[in-house]
Every structure is written in C-alpha cells, then in structure tokens.
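Residues per chain, in single letters:
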Amino acid sequence: MKVRRLHPWNVSPTEAICIQHTLRRRLDLREYGGTIETVAGVDVSFDKYAPTLYAAVVVMRLNDRQILETATAVTTSTFPYIPGLLSFREAPAVLQAVKRLRRAPDCLLCDGQGIAHPRRFGLACHLGLLLDLPSIGCAKSLLVGKYREPARKRRSFRALLDKGEQVGIILRTKDGVAPVYVSPGHRMSFPRARKIVLDTHGGYRVPEPTRQAHLLVNALRRDGPVSALLHG
DNA sequence: GCGACAG
DNA sequence: ATCTTGTCGC
C-alpha cells in the first residue's frame, strides 16, 4: 500500500520535534464512522550491537480474529531512541513492512503511544497519518500523564490525563495484571480505541495483533527470514 | 538545576 | 528494546 511522503527522515532531534508540532495539526481525532473489519498490529525489535531493525505487521480480521496476512522488513537504524521521538527511529522500518501487504488494513494497532505524548504526536499518530489510516497506540508503560489505578478486574479502565486534558485510557486487559496505556492515534476516538483493543484481546496482556507482530519480529531477528515465514 | 522518560 | 532459568502464584 501507499505511504505518504510528509517530511524527510534524515533529521536532527530538534528538527524532528519541529516536524511533530507541524504534523499534529493534521490529525483527525473525531469519531471515525467507517467500518473497521481488519486490524494490523505492528512491532519492531533490534539487535543489541548491530544497528539493525526488524519490523513486522500482522493483519487480523475482527470477525473471527483470524490472521489474514503478515509482512516483515529488515532495515538499518538511522535515528537513536529518544523518549518522545520513537517514531523517527521505528516508523521507517514499519512502513517498509506495511508496504509489502497485499491488502491495506482498516486500522493500525501500534506498540507505543498515540496522543498520550508530550506533543500529542506519538508513534501511532505518525504512522496513522503517513498511511492515512485510523490508528491506535497501545503501550505497556507510561510516557506522560497521570491516572488513578483502574479496578483489578478485566475491562476496568480510567482516564489518562495530562495538563488538564484526557490523552488516553488505562485499560486492564486481564484480572489483576498490569494495565496497558491506550490512546487514539489518527481518525480514532477513546471509546472505539478501547473497544478494538478489547475485541482483539486473546488472553494475554497485549492485544493479539501486536503480540503476534512481536513474536514475528523476534523470530525474524533470532532465526532469520526463513524461520520467520513459519511463524507468520 | 533536578527528575522523568513509549521501545 | 536487549541479556536469560527457574520459580512463585492462580
């Protein structure tokens, strides 16, 4: 599928922040009315020493939660990991993998934040805008904001607030297990983001599309593309 | 100036 | 994120 060229990638951290301020204004955070039948989970892993990034995308159908397609990509990192600038390190690799999909998914589920970000432009926002797709950020830890612990039972949730505004929700996907941090990326509302995460839940803390993408990138990194094909 | 800080 | 076996708990 097509990828929009919104800006250069070989930029400095300062320029990256400037780009985030510019792109955030193009986000559409209204309730998306379209039908979402397929969700694409994306994830990235990297070598401890080699500057190699491994990306994977796993497309799941919401009806029966069946995996329809997967794609991977191996690239070289050109940007360091800096809190708040994660997308400038991981997005290029993810885009390469997504471009290889035969069919475009209806929504993107990312391993990171959406608008629950200091400049309201996390990885999910960036990818959603570049691919022109509704997107959701589902992170395993906090980047910004404050919240009160949700009840211990599954599906309990509380608002994630930052500087007086809601930027996401803290969602318990399993009884008594640490919650996940869900925030809209692009063309997405809080309620719908929460519903999609719960609908793609497969018994583990993180939703299935993202979890499968995680398993796939690790298989790709450890055992190479051949083994990754079997795991996909 | 001192912490906090997605993956 | 990555380095890694067993082990505590439901």
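Residues numbered from 1 in each chain as written. Chains lettered and ligands numbered in written order. Predicted model: local features only at pLDDT ≥ 70, side-chain atom pairs only at ≥ 80, totals over all residues. Heavy atoms only, no water.

### Regarding the nonpolar core
If you look at the biggest cluster of nonpolar residues, it comprises 37 residues, and the most contacted ones within it are Val42, Val57, Phe88, Val98, Leu108, Cys110 and Leu127. Looking at this core, the elements with two or more residues in it are helix 1 (13-23), strand 1 (38-46), strand 2 (52-61), strand 3 (67-76), helix 2 (86-99), strand 4 (107-110) and helix 3 (123-131). Setting aside chain neighbours within four positions, we find Val57 in contact with Ala40, Gly41, Val42, Glu69, Thr70, Ala71, Ala97, Val98 and Leu101. Core analysis: the next-biggest nonpolar cluster, separate from the first, contains 16 residues, Cys138, Val180, Met188 and Leu198 among them. (Core = buried A, V, L, I, M, F, W, Y, C linked by side-chain atoms within 4.5 Å. Buried < 20%, exposed > 50% of the residue type's maximum accessible area, 1.4 Å probe, protein only. Helix = DSSP H or I, 4+ residues; strand = E, 2+ residues; numbered from the N terminus. Contact = heavy atoms within 4.5 Å.)

### Digging into the protein's contact with DNA strand B
Near DNA strand B, the surroundings consist of 19 residues, among which Tyr81, Gly84, Gln113, Lys140 and Ser141 are the closest. The sugar-phosphate portion of DNA strand B accounts for 46% of its atoms within 4 Å of the protein, the bases making up the rest. At 2.6 Å from a phosphate oxygen of DNA strand B is found a side-chain nitrogen or oxygen belonging to Tyr81. A distance of 3.1 Å is found between a base nitrogen of DNA strand B and a backbone nitrogen or oxygen belonging to Leu86. Broken down by secondary-structure element, the contributors of at least two residues to the surface near DNA strand B are strand 1 and helix 2. Taken together, the residues of the surface near DNA strand B break down into nine nonpolar, six polar and four charged. (Near = heavy atom within 4 Å. Polar contact = N/O pair within 3.5 Å; in protein donor to acceptor, adjacent residues only side chain to side chain. Nonpolar A, V, L, I, M, F, W, Y, C, P; charged D, E, K, R; others polar.)

### Focus on the layout of surface pockets
Size it by volume and the largest pocket reaches roughly 470 Å³. Along its surface, the largest pocket is lined by 24 residues, and Tyr81, Leu86, Glu90, Asp111 and Gly112 are the ones closest to its centre. For the lining of the largest pocket, the secondary structure elements donating two or more residues are strand 1 and helix 2. Broken down by element, the lining of the largest pocket gets its largest block of residues, four residues, from helix 2. When grouped by side-chain class, the residues that make up the lining of the largest pocket number 11 nonpolar, eight polar and five charged. (1 Å grid on protein atoms, 1.4 Å probe; cavity = no way out; pocket = protein on both sides within 12 Å on 5 of 7 lines; lining within 4 Å. Points joined across faces, edges and corners; volume = space filled by probe spheres on them.)

### Regarding the environment of Pro150
Residue position: Pro150 is located in the loop between strand 5 (135-139) and strand 6 (157-162). In this structure the C-alpha to C-alpha distance between Pro150 and Ile170, which are 20 residues apart in sequence, comes to 7.0 Å. If we ignore the near neighbours within four places in the chain, the residues touching Pro150 are Ser156, Phe157, Arg158, Ile170, Arg172 and Pro179.

### A word on the side chain of Ser45
Summarising the element assignment, Ser45 is placed in strand 1. Within the local environment of Ser45, its side chain forms a polar contact with the side chain of Arg221, the two groups lying 3.3 Å apart. Ignoring anything within four residues of it in the chain, the contact list for Ser45 reads Thr52, Leu53, Tyr54, Val217, Asn218 and Arg221.

### Re the pattern of salt bridges
The final tally for this structure, using the stated rule, is 10 salt bridges. The shortest N-O distance in the salt bridge between Asp162 and Arg120 comes to 2.9 Å. Here Asp162, found in strand 6, pairs with Arg120, found in the loop between strand 4 and helix 3; they are 42 residues apart in sequence, far enough to count as distant. Of the two residues, Asp162 and Arg120, neither departs from the other in class, the shared state being buried. Salt-bridge contacts for Asp132 lead to Arg187; the nearest nitrogen and oxygen are separated by 2.6 Å. A residue pair is termed long-range when its members are at least 10 positions apart, and Asp132 in the loop between helix 3 and strand 5 and Arg187 in the loop between strand 8 (180-186) and helix 4 (190-199) qualify at 55 residues. Residue Asp132 is classed as partly exposed on the basis of its relative accessible area of 31%. Connected through salt bridges with shared partners, the residues Arg4, Asp132 and Arg187 form a single ionic network. (Salt bridge = Lys/Arg side-chain N within 4 Å of Asp/Glu carboxyl O.)

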